[in-house]
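So the chains spell out like this:
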Amino acid sequence: MRELILLRHAHAEPASTGQEDLDRPLSPVGLAEAEAAGKWLKENNLSPDCVLCSPARRTRETLEAVLGVIGYAEQKLEDGVYDATPGTLARLIDDRRDVERLLVVGHNPGLEQLVPLLAEGSSSEVRGMAPGGIAVLSFEGDAPIEPGSATLTQFWWP
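Small disclaimer: the values here were computed from a predicted structure and weren't measured.

Draft legend 1. Main features of the side chain of threonine 59. Structurally, threonine 59 can be placed in helix α2 (residues 57–70). Using a relative accessible area of 0% as the deciding quantity, one classes threonine 59 as buried. Leaving out residues up to four positions away in the same chain, threonine 59 has contacts with His9, Cys53, Ser54, Val105, Gly106 and His107.

Listed below in structure tokens is the structure:
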């Protein structure tokens, strides 16, 4: 069984005048949330084998805080995770089908729509995903990543 861990970036500072969205840093609250997410992952023995991370500063800082708690994992900044639709995310994840436990650090609404799409086959029942929130989904064998192919096994938020 393979696992997919979806981590929404923690709380970020609002954009200052002229600042690009990609450059928004974590707030002090967000840093604490990211560290708490790392502790939760470690306590639940959910260290990833590989990480796909949006290039946005807030996602990179979230990942850095998480890895500071759980330790090193192979990482790839993936431009496609930023502002991704659930379909784009599913394709990126399916390209990594060989990874036993994949962590994706990204943004809403893509992540919060991807969870019910993979678990229930539809994204019409979006329940939300708080900043710093984590969803863990399991997949049987090497089945393709497609609607309804996963089981939501854990859901956590700081």
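Draft legend 2. Region of interest: the environment of glycine 132. Assignment of secondary structure puts glycine 132 in the loop between α4 (110–120) and β5 (134–139). We classify glycine 132 as buried; its relative accessible area is 1%. Considered as a pair, glycine 132 and histidine 11 are 121 residues apart in the sequence and their alpha carbons are 7.1 Å apart. Once residues lying within four places of it in the same chain are set aside, the contact partners of glycine 132 are Leu7, Arg8, His9, Ala10, Ala37, Trp156 and Pro158.

Draft legend 3. The arrangement of the packing of helix α3 (residues 86–94) against α4 in detail. At their nearest, the axes of α3 and α4 sit 8 Å apart, and the two run at 70 degrees to each other. What the angle tells us is that α3 and α4 run roughly perpendicular. Contacts from Pro86, Leu89, Ala90 and Ile93 of α3 reach α4 at Gly110, Leu111, Gln113, Leu114 and Leu117. Considered class by class, the residues forming the contact of α3 with α4 number seven nonpolar, two polar and no charged.

Draft legend 4. Seen up close, the side chain of arginine 58. Structurally, arginine 58 is set in helix α2. Among residues more than four places away in sequence, those in contact with arginine 58 are His9, Ala12, Asp21, Leu22, Arg24, Leu26, Tyr82 and His107.

Draft legend 5. Local environment of the nonpolar core. With 24 residues, the main nonpolar core has Leu4, Leu6, Ile93, Leu102, Val104, Leu114 and Leu118 as its most contacted residues. Put simply, the parts of the chain that give this core at least two residues each are β1 (2–8), β2 (50–53), α3, β4 (101–106), α4 and β5. It is α4 that provides the largest number of residues to this core, a total of five residues. Beyond its immediate stretch of four places on either side in the chain, leucine 102 contacts Glu3, Leu4, Ile5, Cys50, Val51, Leu52, Ile93 and Arg96. The next biggest cluster of nonpolar side chains, apart from the first, holds 18 residues, and it includes Leu46, Cys53, Leu63 and Ile134.

Draft legend 6. Representation of the pattern of salt bridges. Following the criterion strictly, the structure yields seven salt bridges and no others. Between arginine 97 and aspartate 94 there is a salt bridge, with the nearest N and O atoms lying 3.0 Å from each other. The structure contains a network of salt bridges with shared partners spanning Asp21, Arg24 and Arg58.

Draft legend 7. Molecular detail of the packing of helix α1 (residues 28–43) against α2. Between α1 and α2, the shortest axis-to-axis distance is 8 Å and the interhelical angle comes to 40 degrees. As judged from the angle between their axes, α1 and α2 are oblique. Where α1 crosses over α2, the two elements pack in a sense that is right-handed. Residues Leu31, Ala34, Glu35, Ala37, Gly38, Lys39, Leu41 and Lys42 of α1 touch α2, and the partners they reach there are Thr62, Ala65, Val66, Val69 and Ile70. Here the residues of the contact of α1 with α2 sort into eight nonpolar, two polar and three charged.

Draft legend 8. Structural context of a nonpolar patch on the surface. A grouping of Leu152, Phe155 and Trp157 is seen on the molecular surface, where their side chains present a nonpolar patch of about 310 Å² in accessible area. Locating tryptophan 157 in the fold gives a position in the segment after β6 (150–156). Using a relative accessible area of 53% as the deciding quantity, one classes tryptophan 157 as exposed.

Draft legend 9. Inspection of empty space enclosed by the protein at higher detail. Scanning all chains against the criterion turns up one cavity of 30 Å³ or more. If you add up the space inside the largest cavity, you get close to 70 Å³. Around the largest cavity, the lining residues are Arg2, Glu3, Leu4, Ile93, Arg96, Arg97, Val99, Glu100, Leu102, Phe139 and Ile145. For the lining of the largest cavity, the element with the most residues is β1, which contributes three residues. A class-by-class count of the residues in the lining of the largest cavity yields six nonpolar, no polar and five charged.

Calculation rules
Positions within a chain are numbered from 1, following the residues in the order the chain's sequence is written. pLDDT decides what is reported in this predicted model: residues at 70 or higher carry local features, side-chain atom pairs at 80 or more are listed and counted, and totals for whole chains, interfaces and linings draw on all residues regardless. The side-chain figures draw on all heavy atoms in the structure; neither hydrogens nor water molecules are used. Secondary structure elements are defined from DSSP: runs of H or I of at least 4 residues count as helices, runs of E of at least 2 residues count as strands, and each element is numbered from the N terminus. A 1.4 Å probe rolled over the protein chains alone gives each residue an accessible area, and that area as a share of the maximum for its type sets the label: buried under 20%, exposed over 50%, partly exposed in between. We call two residues in contact when some of their heavy atoms are within 4.5 Å. Interaxial angle, 0 to 180 degrees, is taken between N-to-C directions of lines fitted to C-alpha atoms, where a helix line uses only the stretch in contact. Orientation labels follow simple angle bins: below 35 degrees gives roughly parallel, above 145 gives roughly antiparallel, 65 to 115 gives roughly perpendicular, and whatever is left gives oblique. Gly is put with the polar residues, along with every residue not named as nonpolar or charged; the nonpolar set is Ala, Val, Leu, Ile, Met, Phe, Trp, Tyr, Cys and Pro, and the charged set is Asp, Glu, Lys and Arg. What makes a nonpolar core is a set of buried Ala, Val, Leu, Ile, Met, Phe, Trp, Tyr and Cys residues whose side-chain atoms join them at distances within 4.5 Å. For salt bridges, the criterion is a side-chain nitrogen of Lys or Arg within 4 Å of an Asp or Glu carboxyl oxygen. Handedness of a helix crossing follows the sense of rotation of the near helix relative to the far helix, less than a right angle counterclockwise being left-handed and clockwise being right-handed. Each patch is built from residues that are more than 30% exposed by relative accessible area and take part in no salt bridge. Like charges join if they lie within 9 Å; nonpolar side chains (Val, Leu, Ile, Met, Phe, Trp, Tyr) join within 5 Å. Computed by Shrake-Rupley with a 1.4 Å probe, the accessible areas treat only the displayed protein chains as cover when residues are assessed. Cavities and pockets are found on a 1 Å grid laid over the protein atoms alone: a cavity is a set of points where a 1.4 Å probe fits but cannot escape, a pocket is an open set with protein on both sides within 12 Å along at least five of seven lines, and a lining residue has an atom within 4 Å of such a point. Grid points are joined across faces, edges and corners, and a volume is the space filled by probe spheres set on the points.

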